[in-house]
Amino acid sequence: MPAPGRNQPCPCGSGRKVKRCCGEQRGPAEAQLERAFIAQHARWAAEEIGDLPTRTLAELWKRLADLPDIDLSLVLPLPTLITPSSRISYKQSETTTSTAPKT
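Residues numbered from 1 in each chain as written. Predicted model: local features only at pLDDT ≥ 70, side-chain atom pairs only at ≥ 80, totals over all residues. Heavy atoms only, no water.

What to know about the environment of Leu52
So, point 1. Considering the arrangement of structural elements, one finds Leu52 in the loop between α1 (30-49) and α2 (54-63).
So, point 2. Residue class for Leu52 comes out partly exposed when judged on its relative accessible area of 32%. (Helix = DSSP H or I, 4+ residues; strand = E, 2+ residues; numbered from the N terminus. Buried < 20%, exposed > 50% of the residue type's maximum accessible area, 1.4 Å probe, protein only.)

Here it is, written out as structure tokens:
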């Protein structure tokens, strides 16, 4: 059975079209966001180091390979941080379980 088209009703039952509901990611793709992030930071770095002497740039280039040893986040994914909203929901779930009557 073929997948529903973009303009067909969404199979989840919401009544919305697939393109506006479960079937389509809206906005730029993750890869596009990553490329834009790298490009923005590359432009910033180019402005920052543009006036450095060639000798200094050569030394920076040599030390670039050591970055993964210095900062492990360049190699391994780091755990996600607990946001204030997730901390609140955790505390709420803690209080509901601690105040529940024991049987």
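After that view of the structure, there is still more to cover.
Overview of a nonpolar patch on the surface
So, point 1. A cluster of nonpolar side chains, Trp61, Leu64, Leu67, Ile70, Leu72, Leu74 and Val75, forms an exposed patch at the surface whose accessible area comes to about 760 Å².
So, point 2. Structurally, the position occupied by Ile70 is in helix α3 (residues 67-70).
So, point 3. In this structure Ile70 comes out as exposed when scored by relative accessible area, which is 64%. (Patch = residues over 30% accessible without salt bridge, like charges linked within 9 Å, V, L, I, M, F, W, Y side chains within 5 Å. Areas by Shrake-Rupley, 256 points an atom, 1.4 Å probe, with all protein chains shown as cover. Salt bridge = Lys/Arg side-chain N within 4 Å of Asp/Glu carboxyl O.)

Structural notes on a positive patch on the surface
So, point 1. A cluster of basic residues, Arg6, Arg16, Lys17 and Arg20, forms a positive patch at the surface.
So, point 2. Here Lys17 shows up in the segment before α1. (Lys, Arg positive; Asp, Glu negative; His and termini not counted. Charge placed at Lys NZ, Arg CZ, Asp CG, Glu CD.)

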